[in-house]
Amino acid sequence: PAAIKTMKEVTEASALAFRREILLTASLRAPNVVHFVGACWGKELTCLILEWMPHGSLQTMLDLDGEQPPPAAAEALWLTRCSLAVAGQTRRSL
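Right, let's walk through the structure included here. Small disclaimer: the values here were computed from a predicted structure and weren't measured.

## Describing the overall build of the protein
Here's step 1: Looking only at helices and strands, one finds three helices and three strands in the protein.
Here's step 2: Seen in sequence order, the protein has helices and strands lined up from the N terminus as β-α-β-β-α-α.
Here's step 3: Across the 94 residues of the protein, 16% fall into the buried class.
Here's step 4: Residue pairs in contact within the protein that sit at least 24 positions apart in sequence constitute 47% of those at least 6 positions apart.

## Re the nonpolar core
Here's step 1: Ranked by size, the top nonpolar core spans six residues in total: Met 7, Ala 15, Phe 18, Ile 22, Leu 48 and Leu 50.
Here's step 2: Element by element, the count of residues in this core is highest for helix α1 (residues 12–27), at three residues.

## A look at the environment of Ala 15
Here's step 1: Position of Ala 15 among the secondary structure elements: in helix α1.
Here's step 2: Residue classification places Ala 15 among the buried residues on the basis of a relative accessible area of 18%.
Here's step 3: Expressed as a C-alpha distance, the spacing of Ala 15 and Trp 41, which sit 26 residues apart in the sequence, is 9.8 Å.
Here's step 4: For Ala 15, the residues in contact, after removing those within four places along its chain, are Met 7 and Trp 41.

## Considering the side chain of Thr 46
Here's step 1: Within the fold, Thr 46 resides in strand β3 (residues 46–51).
Here's step 2: A polar side-chain atom of Thr 46 sits 3.2 Å from the main-chain carbonyl oxygen of Gly 42.
Here's step 3: Once you skip the residues sitting within four places of it in the chain, Thr 46 turns out to touch Lys 5, Thr 6, Met 7, Phe 18, Cys 40 and Trp 41.

## Quick notes on the environment of His 35
Here's step 1: As for its position among the elements, His 35 is in the loop between α1 and β2 (36–41).
Here's step 2: Distance in space between the C-alpha atoms of His 35 and Ile 49 is 9.0 Å, their sequence separation being 14 residues.
Here's step 3: Sequence-distant contacts of His 35, that is, excluding residues within four places in its chain, are made with Ala 30, Leu 50 and Glu 51.

## A few points about the pairing of β2
Two faces make up the sheet, and in a regular strand the side chains alternate between them.
Here's step 1: Here β2 runs beside β3; their pairing, made up of five bridges, is antiparallel. Note that in β3 the partner of Phe 36 across the bridge is Leu 50.
Here's step 2: As consecutive antiparallel partners, β2 and β3 are separated by four residues.

## Here we look at the side chain of Thr 25
Here's step 1: As for its placement among the helices and strands, Thr 25 is situated in helix α1.
Here's step 2: Residue Thr 25 is classed as buried on the basis of its relative accessible area, which comes to 13%.
Here's step 3: Side-chain polar atoms of Thr 25 contact the backbone oxygen of Glu 21, separated by 2.7 Å.

Cut-offs used in this document
Residues numbered from 1 in each chain as written. Predicted model: local features only at pLDDT ≥ 70, side-chain atom pairs only at ≥ 80, totals over all residues. Heavy atoms only, no water. Helix = DSSP H or I, 4+ residues; strand = E, 2+ residues; numbered from the N terminus. Buried < 20%, exposed > 50% of the residue type's maximum accessible area, 1.4 Å probe, protein only. Contact = heavy atoms within 4.5 Å. Core = buried A, V, L, I, M, F, W, Y, C linked by side-chain atoms within 4.5 Å. Polar contact = N/O pair within 3.5 Å; in protein donor to acceptor, adjacent residues only side chain to side chain. Pairing = 2+ DSSP bridges.

Here is the structure:
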């Protein structure tokens, strides 16, 4: 199984951000990070293909109405913050 992410609204800015996300995701290798499977970049279809996560997305794990997230979700949030920091550094080189 795989998860497929596509762009809902295609603008120049969203296409550039999506491209950065594809490049960043493809470069990450860690046991607690969703694995990059592939990407399609074209005029008619642009998508990011990721490993399927059986327990849902990080957003689902974090939307707990004030409850403490499970340890795995807390770790995933930390990894996401690190990824975003790396993406900010990567943006300058794209």
